[in-house]
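Okay, here's what each chain looks like letter by letter:
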Protein chains: 4
Amino acid sequence: MKALVYHGPGKKAWEDVPPPQIRCPTDAIVRIDTTTICGTDLHILKGDVPAVTPGRVLGHEGVGVVTEVGSAVTSFRVGDNVLISCIKSCGRCKFCKQSLQAHCLGGEGAAGIGWVFGHLIDGTQAEFVRVPYADTSLYKVTDGVTNQQAVMLSDILPTGFEIGVQYGQTKPGDVVAVIGSGPIGLSVMMTAALYGAAKIIALDLDMNRIEQAHKFGATDAVHAADADWKAKVMALTDGFGVDVAVEAVGVPSTFEMATQIVRPGGHVANVGVHGKPVPLRLQDLWIQNITISMGLVNTNTTPMLLKLVAEGKLDVDKFASHHFKLGDMLAAYETFGRAAETKALKVIIER
Amino acid sequence: MKALVYHGPGKKAWEDVPPPQIRCPTDAIVRIDTTTICGTDLHILKGDVPAVTPGRVLGHEGVGVVTEVGSAVTSFRVGDNVLISCIKSCGRCKFCKQSLQAHCLGGEGAAGIGWVFGHLIDGTQAEFVRVPYADTSLYKVTDGVTNQQAVMLSDILPTGFEIGVQYGQTKPGDVVAVIGSGPIGLSVMMTAALYGAAKIIALDLDMNRIEQAHKFGATDAVHAADADWKAKVMALTDGFGVDVAVEAVGVPSTFEMATQIVRPGGHVANVGVHGKPVPLRLQDLWIQNITISMGLVNTNTTPMLLKLVAEGKLDVDKFASHHFKLGDMLAAYETFGRAAETKALKVIIER
Amino acid sequence: MKALVYHGPGKKAWEDVPPPQIRCPTDAIVRIDTTTICGTDLHILKGDVPAVTPGRVLGHEGVGVVTEVGSAVTSFRVGDNVLISCIKSCGRCKFCKQSLQAHCLGGEGAAGIGWVFGHLIDGTQAEFVRVPYADTSLYKVTDGVTNQQAVMLSDILPTGFEIGVQYGQTKPGDVVAVIGSGPIGLSVMMTAALYGAAKIIALDLDMNRIEQAHKFGATDAVHAADADWKAKVMALTDGFGVDVAVEAVGVPSTFEMATQIVRPGGHVANVGVHGKPVPLRLQDLWIQNITISMGLVNTNTTPMLLKLVAEGKLDVDKFASHHFKLGDMLAAYETFGRAAETKALKVIIER
Amino acid sequence: MKALVYHGPGKKAWEDVPPPQIRCPTDAIVRIDTTTICGTDLHILKGDVPAVTPGRVLGHEGVGVVTEVGSAVTSFRVGDNVLISCIKSCGRCKFCKQSLQAHCLGGEGAAGIGWVFGHLIDGTQAEFVRVPYADTSLYKVTDGVTNQQAVMLSDILPTGFEIGVQYGQTKPGDVVAVIGSGPIGLSVMMTAALYGAAKIIALDLDMNRIEQAHKFGATDAVHAADADWKAKVMALTDGFGVDVAVEAVGVPSTFEMATQIVRPGGHVANVGVHGKPVPLRLQDLWIQNITISMGLVNTNTTPMLLKLVAEGKLDVDKFASHHFKLGDMLAAYETFGRAAETKALKVIIER
């Protein structure tokens, strides 16, 4: 079959590889009908994620049809249309039982990490993929939900909702600031309404992206490059700061921004993937009664988000900015890699 | 009346000052029968808290008898034996209504800060003290509770319980590590049992203090100076780390220790008062699904803690290491200031 | 001044009474600019609430301008435009401190009950009203919020939200059934979106009211008189029942309906005021892992709801079905009393 | 092998039956080393549970050694010493994923019910038992925990803790009343300390059992036959009632008692198994802001309780009142069936 294979920093190819096979009775094989590219894939290609070794098929988002199941799989049958969660979950380890699937101890790729596709085992940017622990890592695509909609729930929607909105303890009436308007930041904005946010403030350096944020639920926007950005945010609150400040970039300066605008008793929810330490101003913050949260998505809200998509309560099609065929995988990467120019959000890649 | 007056860095005196008077209808005057000294008072005397200006009577912990009430006070009468909370609460501002009394906006001393005694208004190391918002800042001392017991609830017990145990989201079966075995750290250990902690690990550089920790509920102790301190802590867990890591010192190295031993999904509860930034290893921690909390005590658990003391469930007398008369205030400071030698925990100062 | 006075079962008059005066330093006098009538007022007039004695001025909802404040009132000044909460809160008793203002122990009318206006003390269907504990029972009407909007927050919106939506533990993705489409039931429907309900099913015997429910957020409607009403509700779920079943009528049969449609692990939230016991089928329900909640509103979400109205997130004007002048109070009662014919929801009565 | 077989109402035998065999790849076979008898078994023998058909091996509590595992079982090996949970959990259905294992949809016995052993499939009062979904229904017995201790965690400890203490929302400082001092009521008392209860009041008709309650954590006892039982309970509170009232009997009169002593804002936790409806005084209770909870145990706290037993924090050996050999099963039933005379709590039956 064809797959997008990583060949070391800066090198990738759409090439023939052996098709995946069932290895454990809990495995399933899925034919990929729809996949997409994540910013993390670009990081891998730069060589930033050393755990990914040459020869690895990339991709951790996908929707498709089950073509084979292991002997212990009871929830899915050949022919089922399924959403592949970016997190594998064994359903039986102590972390899965505590709904902390991000740290699943099930021994696929590596114990203690739920994210394995396109990382520690072959991923979804391929014609077929092997899915371990199928019973607890796949979700049937509900009638009335399209593949394009479903693929947004492999990673970005649950990540924005769980790590941004829920970890940020968003509650009705809250003012939520989201720093960074990429797909993940926009996912936070779209799902903050699920807990009744009164205001959603988008902050970004790129004015184009901020404008776009309004389509995803932002009620207000502040240009992060303005000298008085902080005063502008504060003016949108009662003067004490925002209830929830979500960091969705992954660099020290944006994390610092979040800690500057959070009110006493408020929450900083870090969603960004960071590459270096950030200085934490504990001398000012210790007295502020704030929490700082962070984490990898557990995807345990995926069935709920699917239900909301089916009910027409989440218009996730807005994320789909470009469409490609599987065979045009390299062109899709090209477009996604130049997002600032192409204004790509999620590139939909279909069989 | 006599009071302990701050006269600038390094200078204090037990001297005559005018007795306090009712200023607002919500005030009460309390005759101090029992007070004590907090580590914060020593910081003030070093000049570390510039908001404290010369002439200020120090002290924010105390128990005594009401001698006068303002016209709007309805919950207390002259003669009531009361516990003075270290946090004044107006009971009517948005923060008080949200049980965030630490940030009470009531205009005494300064809006937005609940801690005013011995800081922004005259404090409790005196023969009498004026208590603003008496209805919501005082608590009747329950029958069967002594003044010595009650004074532990002015600050240290609620601080340890709220900011350590509750903000740390301690739950039954948890392994809790407490870094620092001073009065606040010991308060965390004593109250962690209220949420059913399975193990309480005391970490400190001072072996004497660690030994003492066992009397306050620690089930295990690790010498923080040991090269393999981290391995020793991990060996007391299932290998993944502690559920709750409480920082009760206030320096970067102990905060860093807390982040090294917390398990995926666990909580770092900062109780220490910090004077400088700490580096936060977000490059490692972003994926760990942890929370970091911090804050000033709200003292909204004080009535509950009083009830537990009355029921004999919290043996707070253990904190009382030395006893003085009010007139011996300077000797009390001397003993408390050399705690490493005198092994002072809380010095009880009585009328 | 003029006021609507209760003169025993079936008797009322709009007549002259002495204007209210400040009695306690914590009181305020408010000139009523907007008030309304509640179904409870009709119950009182039938003689169903014996605690209401002849001579009482009725009404517990109102908005107006402060004309006088007691000496201890610090949050409000003469001239402030304020919303009067149907619940008085002293802000200092154990129940108020636990955010259980419905059971406020402050001694006005009766200790242990927050609802006093038009019940145990004179109410808001008058030209002026005395408001006890003004600092903690009034809310400034935010700029941009009209009196008509604000008066919906005296009782019905917080009641629907707190006792229906919050006590029902509504969460994103839930299916919520609301039995009864009167003003309170409609308030539940309008505010269920604040916790991201996926579906809101209106049930009622009156098809007109059900139709109306769609304007207030209902996504589906079931005629409660249909023989297969239960099957119709179940068909709108995954077959296991609704997550939250809200009873908003107050009779045994509707309570029983709620217990029949709730799923395992779900919640029955009773909002209705009941006059007799209901049989609880514990022989079937004990194994269902459900909760049943009930209660009088605390109104501690009022400031939050005001914020959402100001942000345009809650279109509460929809409740205003008829308008009257204060002097036409009896006509307003007449219209509201025949709601089935007049289709009255809330009658707005203005100065 | 030998097993205790139900032969219709009033009839049972310890007789030869075919040994169990692996049917699904997720099954395990366990050799029973320790089992016990539950009050529910007596109900079954009376014919009260018609779902139990003649020929069924009874028993849902047990500890033993794994003798065979299906091909999909990854968490256990032959030779592991395991605790059998009374609730089977497939780990993959919507209810299991929501930690509502009591309603597990996994198709063993019947979908939608977690309790299958000795009910819908053969149980643990036998030499061997087949355990479906072994990965998610068994727990390794921790080193240092005896079989006798572990068997208390098959059912009674998690039931008392989850359905009594947790559903009752017990929190530090609470006054908890437990109506009924059988093994389940005593389990509630023993585990209420895990959330810091200040007082635990035992109510029972049998004075002997009440005396015994003190050994299990009760701080106070009230004889339920006393005319002034309610006044006695109220006198143990602040006059407003208990925070948590646990019903652990299962008849209307004890449920009614619970609703009479619960304070405003408090919780009634029903643990008893009921056979008929109970009248609910909604005319009095609707205004009380209480919750009423009920349910079958999920056993998701079992690993946590095991940890506390291993740490010596829960002295569950106290429940073991009598000891028998497997071959003396009928004698064990005889002793347990006359508990009022024999003072049997849990009869330990060992290989």
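Remember, predicted model here, so these are calculated numbers, not experimental data.

(A) Structural view of the relation of the copies chain A and chain D. Expressed as a screw transformation, the operator carrying chain A onto chain D has a rotation angle of 180° and an axial translation of 0.0 Å, and the superposed copies differ by an RMSD of 0.0 Å. The transformation just described matches what one would write down for a two-fold rotation axis. Taken as a fraction of all interface residues of chain A, those also at the interface in chain D reach 100%, which identifies the copy contact as same-surface.

(B) Region of interest: the relation of the copies chain A and chain B. Relative to chain B, chain A is turned by 180° and slid 0.0 Å along the rotation axis, the superposed coordinates differing by an RMSD of 0.0 Å. Counting the interface residues of chain A, we find that 100% of their copies in chain B are interface residues as well, pointing to one common contact surface.

(C) Inspection of helix H9 (residues 252-261) of chain C at higher detail. Among the ten residues of H9(C), seven are classified as buried, and the element is accordingly described as predominantly covered. For H9(C), the set of buried residues is C:Thr254, C:Phe255, C:Glu256, C:Met257, C:Ala258, C:Thr259 and C:Ile261.

(D) Representation of the interface of chain A and chain D in the model. If you look at the interface, chain A gives twelve residues, while chain D gives twelve residues. A per-residue breakdown of the area chain A buries against chain D is headed by A:Ala72, A:Arg92 and A:Lys97, which together make up 47% of the total. For the interface between chain A and chain D, the tally reads two salt bridges. The tally of links from chain A across to chain D stands at six residue pairs in polar contact (both at pLDDT 80 or more). Tallied by class, residues from the side of chain A that touches chain D come to three nonpolar, six polar and three charged.

(E) Representation of the interface of chain A and chain B. The interface is formed by 41 residues belonging to chain A together with 41 residues belonging to chain B. For the pair chain A and chain B, the summed buried surface comes to about 3,400 Å²; carbon and sulfur atoms form 68% of the total. Together, A:Trp286, A:Asn289 and A:Met294 form the three largest contributors to the area buried by chain A at its contact with chain B, with a combined 22%. Our count for the chain A to chain B interface comes out at two salt bridges. The partner of B:Lys94 in a salt bridge is A:Asp238, and the shortest N-O contact between them spans 2.4 Å. At the boundary of chain A with chain B, the tally comes to 19 residue pairs in polar contact (both at pLDDT 80 or more). Elements with a minimum of two residues in the side of chain A that touches chain B: helix H2 (94-97), strand S12 (262-270), strand S13 (278-280), helix H10 (282-285) and strand S14 (291-294) of chain A. Among the residues forming the side of chain A that touches chain B, the class breakdown is 23 nonpolar, 13 polar and five charged. Examined bridge by bridge, S14(A) and strand S14 (residues 291-294) of chain B share three bridges and lie antiparallel to one another. Bridge pairing in S14(B) places A:Ser293 opposite B:Thr291.

(F) Main features of the packing of helix H1 (residues 39-46) of chain A against helix H12 (residues 329-337) of chain A. All names here are of chain A. Closest axis-to-axis distance for the H1/H12 pair is 11 Å, and the angle between their directions is 100°. Viewed along their axes, H1 and H12 adopt a mutual orientation that is roughly perpendicular. In contact with Gly-39, Asp-41, Leu-42 and Leu-45 of H1, H12 contributes Tyr-333, Phe-336 and Gly-337.

(G) Structural context of the environment of C:Pro20. Residue and element names in this part refer to chain C. Within the element layout of this structure, Pro-20 appears in the loop between strand S2 (12-16) and strand S3 (28-35). With a relative accessible area of 23%, Pro-20 lands in the partly exposed category. Between the C-alpha atoms of Pro-20 and Val-129, which are 109 residues apart in sequence, the distance is 6.1 Å.

(H) Representation of the sheet that holds strand S8 (residues 175-179) of chain C in the model. With mixed pairing, twelve strands are arranged side by side in an open sheet as S10(C)-S9(C)-S8(C)-S11(C)-S12(C)-S14(C)-S14(D)-S12(D)-S11(D)-S8(D)-S9(D)-S10(D). A strand with exactly one partner marks an edge of an open sheet, and here the two such strands are strand S10 (220-223) of chain C together with strand S10 (220-223) of chain D. Each strand of the sheet is rotated relative to its neighbour by a mean of 15°, with strand direction disregarded. Contacts from helix H5 (residues 156-166) of chain D reach strand S11 (242-247), strand S12 (262-270) and strand S14 (291-294) of chain D, with the element oriented near 155° to S12(D).

(I) Focus on helix H11 (residues 302-310) of chain D. Residues and elements named next belong to chain D. Every buried residue of H11 is accounted for by Thr-302, Met-304, Leu-305, Leu-306, Leu-308 and Val-309. Residues of H11 that are buried sit in contact with strand S5 (81-84), strand S7 (138-140), helix H4 (147-151), H5 and helix H6 (183-192). Positive phi appears at Gly-312, one or two residues downstream of H11, with a value of about 75°.

(J) Region of interest: the pattern of salt bridges. One pass over the full model with this rule turns up 78 salt bridges over all chains. Salt-bridge contacts for C:Arg92 lead to B:Asp135; the nearest nitrogen and oxygen are separated by 2.7 Å. On the criterion of chain membership, the pair formed by C:Arg92 in the loop between strand S5 (81-84) and helix H2 (94-97) and B:Asp135 in helix H3 (residues 134-137) is interchain, its members lying in two chains. The class for C:Arg92 is buried, based on a relative accessible area of 13%.

(K) Quick look at the environment of B:Asn298. Inspection of the secondary structure assignment puts B:Asn298 in the loop between S14 and helix H11 (302-310). Given a relative accessible area of 4%, B:Asn298 falls into the buried group. With residues near it in sequence (within four places) discarded, B:Asn298 still touches A:Asn289, B:Ile87, B:Ser99, B:Leu100, B:Gln101, B:Ala102, B:Glu162 and B:Tyr167. Polar contacts involving the side chain of B:Asn298 include one to the main-chain amide nitrogen of B:Ala102, which spans 2.9 Å.

(L) Region of interest: the pairing of strand S3 (residues 28-35) of chain A. All names here are of chain A. Where burial is concerned, most of S3 is hidden: seven out of the eight residues are buried. Bridge analysis of S3 against strand S4 (residues 62-69) gives seven bridges, and the strand direction is antiparallel. The partner of Thr-34 across the bridge, within S4, is Val-63. With four bridges joining them, S3 and strand S6 (residues 128-131) adopt antiparallel strand pairing. Across the sheet, Ile-29 pairs through a bridge with Arg-130, a residue of S6.

(M) Geometry of the domain arrangement of chain A. All names here are of chain A. Per the domain assignment, the segments making up chain A are domain 1 (2-154 + 299-350) and domain 2 (157-294). In this complex, domain 1 contributes 18 residues to the contact, which on the side of domain 2 involves 16 residues. When domain 1 packs against domain 2, the two sides together hide about 1,400 Å² of surface, and 73% of this comes from carbon and sulfur. Our count for the contact surface shared by domain 1 and domain 2 stands at zero salt bridges.

(N) Seen up close, the sheet that holds strand S10 (residues 220-223) of chain A. Spatially, twelve strands are ordered S10(A)-S9(A)-S8(A)-S11(A)-S12(A)-S14(A)-S14(B)-S12(B)-S11(B)-S8(B)-S9(B)-S10(B) in an open sheet, and the strand pairing comes out mixed. A strand with exactly one partner marks an edge of an open sheet, and here the two such strands are S10 of chain A together with strand S10 (220-223) of chain B. Pairs of neighbouring strands in the sheet enclose a mean axial angle of 15°, with direction left out of account. Two elements, strand S12 (residues 262-270) of chain B and S14(B), share four bridges in a ladder whose sense is parallel. In the sheet register, B:Asn270 faces S14(B), and the bridge partner there is B:Met294. With respect to the sheet, helix H5 (residues 156-166) of chain B is in contact with strand S11 (242-247), S12 and S14 of chain B, its orientation differing from that of S12(B) by roughly 155°. Most of the contacts of helix H9 (residues 252-261) of chain B go to S12(B), to which it runs at about 155°, and overall it touches strand S8 (175-179), strand S9 (199-204), S11, S12 and S14 of chain B.

(O) Focus on the packing of aromatic side chains. Applying the stated rule across the entire model yields twelve aromatic pairs over all chains. On the numbers, 4.8 Å between centres and 55° between planes, the contact of C:Phe216 with C:Phe319 is tilted. Of this pair, C:Phe216 sits in the loop between helix H7 (207-213) and S10 while C:Phe319 is found in the loop between helix H11 (302-310) and strand S15 (320-325), placing the two residues 103 residues apart along the sequence. Exposure remark for C:Phe216: the relative accessible area of 3% places this residue in the buried category. Looking at C:Phe319, the relative accessible area reads 0%, which means it is buried. Both rings, one in C:Phe240 and one in D:Phe95, keep their centres 5.1 Å apart while their planes meet at 85°; by these two values the pair is edge-to-face. Here the residue C:Phe240 occupies a position in the loop between helix H8 (229-235) and strand S11 (242-247), and D:Phe95 occupies one in helix H2 (residues 94-97), the pair thus bridging two chains. On the basis of relative accessibility, which here comes to 29%, the residue C:Phe240 falls in the partly exposed class. By relative accessible area, which is 1% here, D:Phe95 ends up buried. A cation over an aromatic ring shows up here: B:Lys318 above the ring of B:Phe216, its NZ or CZ 6.0 Å from the ring centre.

Conventions and cut-offs
Residues numbered from 1 in each chain as written. Chains lettered and ligands numbered in written order. Predicted model: local features only at pLDDT ≥ 70, side-chain atom pairs only at ≥ 80, totals over all residues. Heavy atoms only, no water. Least-squares fit on C-alpha atoms with pLDDT ≥ 70 in both. Contact = heavy atoms within 4.5 Å. Buried < 20%, exposed > 50% of the residue type's maximum accessible area, 1.4 Å probe, protein only. Helix = DSSP H or I, 4+ residues; strand = E, 2+ residues; numbered from the N terminus. Buried area = accessible area lost by both parts, 1.4 Å probe. Salt bridge = Lys/Arg side-chain N within 4 Å of Asp/Glu carboxyl O. Polar contact = N/O pair within 3.5 Å; in protein donor to acceptor, adjacent residues only side chain to side chain. Nonpolar A, V, L, I, M, F, W, Y, C, P; charged D, E, K, R; others polar. Pairing = 2+ DSSP bridges. Axes fitted to C-alpha atoms, helices over the stretch in contact; angles between N-to-C directions. Parallel < 35°, antiparallel > 145°, perpendicular 65-115°, else oblique. Domains from an automatic or database assignment. Phe/Tyr/Trp six-rings, centres within 6.5 Å; stacked < 30°, edge-to-face > 60°. Lys NZ or Arg CZ within 6 Å of the ring centre and 35° of its normal.

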